[in-house]
Amino acid sequence: MSFPQFAFNNVKRNARAYFAYFLSSTFMVMIFFSFAVFVYHPEIGQIPMGPLKRAVLQTSEGVIFVFAIFFVLYSIGMFLKSRQREFGLLLLLGATSSQINRLVFMENMLIGAGSIVTGIAGGLLLSKLFLLCGTRMMEIRELPFYWPAGAIWLTAVSFSLLFAGISLFTLFFIRKRNVAELLQGSYRPKKEPRSSLFLTVIGGMLLAVGFLALYAGKLSPKLVLLAAATGIAATYFFYSQLSVLVIRLLKRSRKALWRGSNLLWVSELAYKMKDNARILFLVTVVTSIASMSASFVLAVDETNRKEYENNPFAIEYYSFDERHTEQELATINELLDGEGVSYRSVKVENLYRRTVHDAVPSVEIIAASRFNRLAAAMNLPEAAPDNGEAILISGPAQPSHGHMTPGDKITLDSGHTVSVTKVFEREALPFMSWASIVVVNDNSYRTIQGDAKSSVLFVYHVPEWNNGPPPGPDSPEAVIGDKLKKRLQENREPHGSSNSFSIRIWSYLNLKQAAALFSFIGIFIAFLFSVSSASFLYFKLHTELASDSRMYHALSKIGLSASEMRTSATLQIGLLFFIPIAISTVQTLIVMRPVLGTMYVYSVYKPVLIVSAAFLGAQTVYFFLVRSRYLHRLKRTMV
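All residue numbers here refer to positions counted from 1 along the written sequence of the relevant chain. Only residues with pLDDT of at least 70 get local features here, since the model is predicted, and only at 80 or more are side-chain atom pairs given and counted; chain-wide, interface and lining totals rely on the full set of residues. The basis for the side-chain values is all heavy atoms of the structure; hydrogens and waters are excluded.

**A short note on the overall build of the chain**
Strands here mean DSSP runs of E at least two residues long; helices mean DSSP runs of H or I at least four residues long; both are numbered from the N terminus. Helix and strand counts for the chain stand at 20 helices and nine strands. Residue contacts follow a heavy-atom distance rule, with two residues in contact if any of their heavy atoms lie within 4.5 Å. Summarising the internal contacts of the chain: among those between residues at least 6 apart in sequence, 82% fall at separations of at least 24. Only the protein chains shown count as cover for residues, with accessible areas throughout obtained via the Shrake-Rupley method and a probe of 1.4 Å. Of the roughly 30,400 Å² of accessible surface on the chain, 62% is carried by carbon and sulfur atoms.

Laid out in structure tokens, this is it:
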């Protein structure tokens with residue numbers, strides 16, 4: 001038998017162990033290839049935002065490939081660890097270190113080559129479906145199928161180099177051990193893990209630093225990076241130190257410990273928890289990143305929809321240059337009249353003012369006479385404040401800000417002070433959404449205005465376009481809005497008007513299309529992370545299977561029943577699968593609230609809970625699949 005045949009037979013004999021690794025690697029290759037099919041599609045540059053979509057997809061390719069490096073490295077390390085006794089026996093029988101290295105390299109390359117071929121083949125079979133689903137999710141025209149030679153070449157070369165490089169790197173894992181250590185394998189006795197009070201306190205301090213960085217003041221990119229670094233470090237200390245401390249405290253409660261099979265699984269966790277710290281930490285970080293990314297996309301999409309629904313004005317025209325205002329307004333009115341659209345336009349004069357309050361850092365001041373012409377469209381009552389009084393209309397406060405209530409006073413940077421009599425909060429303001437709206441009576445408005453020049457805004461209310469959810473790009477509002485945008489841009493080119501305009505439907509559709517692109521990418525990357533997390537846990541359990549089988553076999557001889565074995569094993573597997581979901585959900589909620597608040601995106605809890613529920617559902621499926629296989633193997637060892 002030749003050496004390559006020996007390596008091939010080794011792969012066959014370890015097919016049960018390598019199968020999950022092979023499938024997971026194949027899935028990563030297929031996802032990478034599918035994204036490459038999009039990137040290299042000849043018509044991707046001709047669709048709206050095509051260059052941006054291609055750039056984002058290329059970035060996603062890089063993210064998938066970097067993650068694949070860590071995944072393959074960890075997986076190979078786990079399998080080499082489970083085969084230590086086999087390598088020790090080969091060395092004892094006369095095999096040289098170079099032959100063991102050659103064997104491992106050839107086995108890994110066989111698995112890698114099979115994954116590459118199978119992944120590309122699966123991607124080719126599903127490429128038409130992938131293109132169809134992708135175009136539907138990104139809401140672009142359907143892309144025809146083509147022969148993706150560039151995608152095949154990129155995938156084959158990239159993953160060949162990946163498997164070859166990591167196979168060479170993992171050879172150092174074997175060289176560090178002598179024959180005696182390899183032969184012992186998982187039989188070596190474990191020391192009882194101990195937690196360090198110092199490291200536990202350090203973990204708590206890091207957690208506090210991360211929390212303060214997010215919530216203590218104005219958020220910045222540096223503070224976000226600080227919170228990310230301290231949060232990741234604190235997560236590791238939680239698993240490696242605090243979890244061990246919690247298990248030791250559980251062992252001290254004899255009343256709970258000596259009930260049923262608690263003694264068995266608590267004692268096992270006491271030895272396994274620190275061993276599992278790395279895998280739990282890795283799965284938690286991966287799940288948190290995927291949850292935050294998906295929650296961000298869902299939150300932006302939800303806020304975009306609410307902003308459209310809460311804005312009753314289809315067109316907003318901002319007049320900064322009075323010389324061209326009349327002509328451009330005439331263009332808008334002419335187009336709407338020509339299309340037979342029933343509308344009402346209102347001129348709004350307002351003052352932008354900074355304040356001395358954190359709760360309301362800036363305001364737009366409107367006279368009551370102007371506001372009352374808009375009130376019905378905004379679903380708000382008409383205002384009649386007295387001199388020195390004001391009605392406040394604001395969106396949700398940022399996390400670092402408070403809320404103003406009736407009786408509070410607003411001091412403007414001009415020195416004027418008004419007393420708030422009523423407060424109306426909206427999830428999104430219909431216009432001027434960067435500041436709260438303050439309504440005062442006309443006399444107060446003139447006093448506050450003084451010599452300052454007010455800005456002028458014309459809003460168009462079209463009743464027939466305010467019924468139901470946001471329409472699509474083929475709706476009358478979108479079609480007319482597109483015509484209006486083109487006509488205004490054509491008319492202003494000769495004279496260079498500085499006036500600006502906003503068309504509600506196109507602002508909504510543009511952001512929705514961008515969100516759809518990231519939704520498409522996020523779903524597949526989140527799915528990849530989810531499958532990979534389950535694979536990490538499966539590899540970890542498979543590594544421990546031999547030692548667990550010996551333990552349960554010995555315990556069954558002294559009376560351990562099959563049901564008690566199932567209870568103990570299920571609890572331990574369940575903790576591995578579900579603790580990371582719980583921790584990642586808490587981390588996502590803590591991080592996303594201030595981060596989204598800086599972007600005036602306030603829909604936080606619903607997106608996070610939806611994403612966490614999706615991960616929990618997927619993890620539950622993986623849990624039952626792994627549990628059934630694991631218990632089936634353990635049951636065979638019971639007496």
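**Quick look at the packing of aromatic side chains**
Each pair of aromatic rings taken from Phe, Tyr and Trp, with Trp reduced to its six-membered ring, is defined by centres within 6.5 Å and is described as stacked if the planes are under 30 degrees apart, edge-to-face if over 60, and tilted in the remaining cases. Counted under the stated rule, the structure contains twelve aromatic pairs. Judged by centre distance (6.3 Å) and plane angle (55°), the rings of Tyr317 and Phe458 are tilted. Note that Tyr317 is positioned in strand 1 (residues 313-319) and Phe458 in strand 8 (residues 455-461), a separation of 141 residues in sequence. The exposure classification of Tyr317 matches that of Phe458, with both residues buried. Here the aromatic residues Phe577, Phe578, Phe623 and Phe624 are joined through ring pairs into a cluster of three or more. Sitting over a ring, as applied to charges here, requires NZ of Lys or CZ of Arg to be within 6 Å of the ring centre and within 35 degrees of the ring normal. In this arrangement the basic side chain of Arg504 is found over the ring face of Tyr308, its NZ or CZ atom lying 4.4 Å from the centre. The buried label applies to any residue whose accessible area, calculated with a 1.4 Å probe on protein chains only, is under 20% of its type's maximum; exposed applies above 50%, and partly exposed to all values in between.

**A look at the packing of helix 13 (residues 277-310) against helix 20 (residues 605-635)**
To define axes, lines are fitted to C-alpha atoms, for helices over the stretch in contact only, and angles between the resulting N-to-C directions are given on a 0 to 180 degree scale. For the pair helix 13 and helix 20, the least separation of the axes is 8 Å and the interaxial angle reads 135°. By the criterion of interaxial angle, the relationship of helix 13 to helix 20 is oblique. Crossing handedness for the pair helix 13 and helix 20: right-handed. In this structure, helix 13 uses Thr287, Ala290, Ser291, Ala294, Ser295, Leu298, Ala299 and Glu302 to contact helix 20, whose residues at the interface are Lys606, Pro607, Val608, Ile610, Val611 and Phe615. Of the residues belonging to the contact of helix 13 with helix 20, the class tally is nine nonpolar, three polar and two charged. Any angle that is under 35 degrees is reported as roughly parallel, and any over 145 degrees as roughly antiparallel; angles of 65 to 115 degrees are reported as roughly perpendicular and all others as oblique. Crossing handedness follows the turn of the near helix against the far one: under a right angle anticlockwise gives a left-handed crossing, and clockwise gives a right-handed one. In this classification, the charged set is Asp, Glu, Lys and Arg, the nonpolar set is Ala, Val, Leu, Ile, Met, Phe, Trp, Tyr, Cys and Pro, and all remaining amino acids, among them Gly, are polar.

**Overview of helix 16 (residues 442-449)**
Among the residues of helix 16, Ser444, Tyr445, Ile448 and Gln449 are the ones counted as buried. Taken end-on, helix 16 shows its buried residues confined to a sector of 130°, consistent with a single buried face. For helix 16, the exposed residues set more than 90 degrees away from the buried face come down to Arg446 and Thr447. Where the residues of helix 16 are buried, they touch strand 2 (344-354), strand 3 (362-367), strand 6 (417-425) and strand 7 (436-440). Where helix 16 terminates, the next one or two residues include Gly450, which has phi positive at roughly 55°. Within this analysis, the arc is defined by the directions that extend from the helix axis to the C-beta atoms.

**Here's the deal with helix 14 (residues 322-338)**
Between its first and last C-alpha, helix 14 extends 25 Å over 17 residues, near the 24 Å set by a 1.5 Å rise per residue. With its phi angle positive at about 70°, Gly340 sits one or two positions after the end of helix 14. Expected span, for any helix, means 1.5 Å times one less than how many residues it has.

**A short note on the environment of Ala514**
With respect to the helices and strands, Ala514 occurs in helix 18 (residues 504-557). For the pair formed by Ala514 and Asp301, sequence separation is 213 residues and the distance between their alpha carbons is 9.3 Å.

**Focus on unusual backbone geometry**
Positive phi, close to 60°, is recorded for Asn379, a residue that is not glycine. For Asn379, the position within the fold is in the loop between helix 15 (368-371) and strand 4 (389-394).

**Focus on the nonpolar core**
Counting 73 residues, the largest nonpolar core has Tyr21, Phe67, Val72, Phe159 and Phe577 as the members making the most contacts within it. Elements with a minimum of two residues in this core: helix 2 (15-39), helix 3 (50-82), helix 5 (97-138), helix 6 (149-169), helix 13, helix 18, helix 19 (562-597) and helix 20. Top contributing element to this core by residue count: helix 18, with 17 residues. When sequence neighbours within four positions are dropped, the list of residues in contact with Phe577 reads Leu537, Leu541, Gln619, Tyr622, Phe623 and Val626. To define a nonpolar core, start from buried Ala, Val, Leu, Ile, Met, Phe, Trp, Tyr and Cys residues and group those joined through side-chain atoms within 4.5 Å.

**Digging into the pairing of strand 8**
In terms of burial, strand 8 is a largely internal element, six of the seven residues being buried. By this definition, two strands are paired if DSSP reports at least two bridges between them. Note that strand 1 and strand 8 share six bridges and pair antiparallel. Within strand 8, the position partnered with Tyr317 by the bridge is Phe458. Two elements, strand 2 and strand 8, share seven bridges in a ladder whose sense is antiparallel. Its bridge partner lying in strand 8, Glu349 is registered against Val456.

**What about the packing of helix 13 against helix 19?**
At their nearest, the axes of helix 13 and helix 19 sit 8 Å apart, and the two run at 40° to each other. Taken together, the axes of helix 13 and helix 19 are oblique relative to one another. Helix 19 is crossed by helix 13, and the crossing has right-handed handedness. Contact with helix 13, carried on its side by Leu280, Val283, Thr284, Thr287, Ser288, Ser291, Met292, Ser295, Phe296 and Ala299, involves Leu575, Leu576, Pro580, Ile581, Ile583, Ser584, Gln587, Thr588, Val591, Met592 and Leu596 of helix 19 and no other residues of that element.

**Digging into the sheet that holds strand 8**
Read from one edge of the open sheet, nine strands run 5-6-4-7-3-2-8-1-9, paired in mixed fashion. Across the chains shown, the open sheet's two edge strands, defined by having one partner strand only, are strand 5 (409-411) and strand 9 (500-503). Each neighbouring strand pair of the sheet contributes to a mean axis angle of 35°, computed without reference to strand direction. Two strands pair when backbone bridges link them, and strand 1 and strand 9 are joined in this way by four bridges, in the antiparallel orientation. Considered in strand 9, the bridge of Tyr317 is made with Phe501. Each of strand 1 and strand 8 touches helix 14; the most contacted strand, strand 1, lies at about 165° to it. Its contacts with the sheet put helix 16 on strand 2, strand 3, strand 6 and strand 7, and the angle it makes with strand 2 is roughly 50°.

Function cannot be inferred from these measures alone, as they are strictly geometric.
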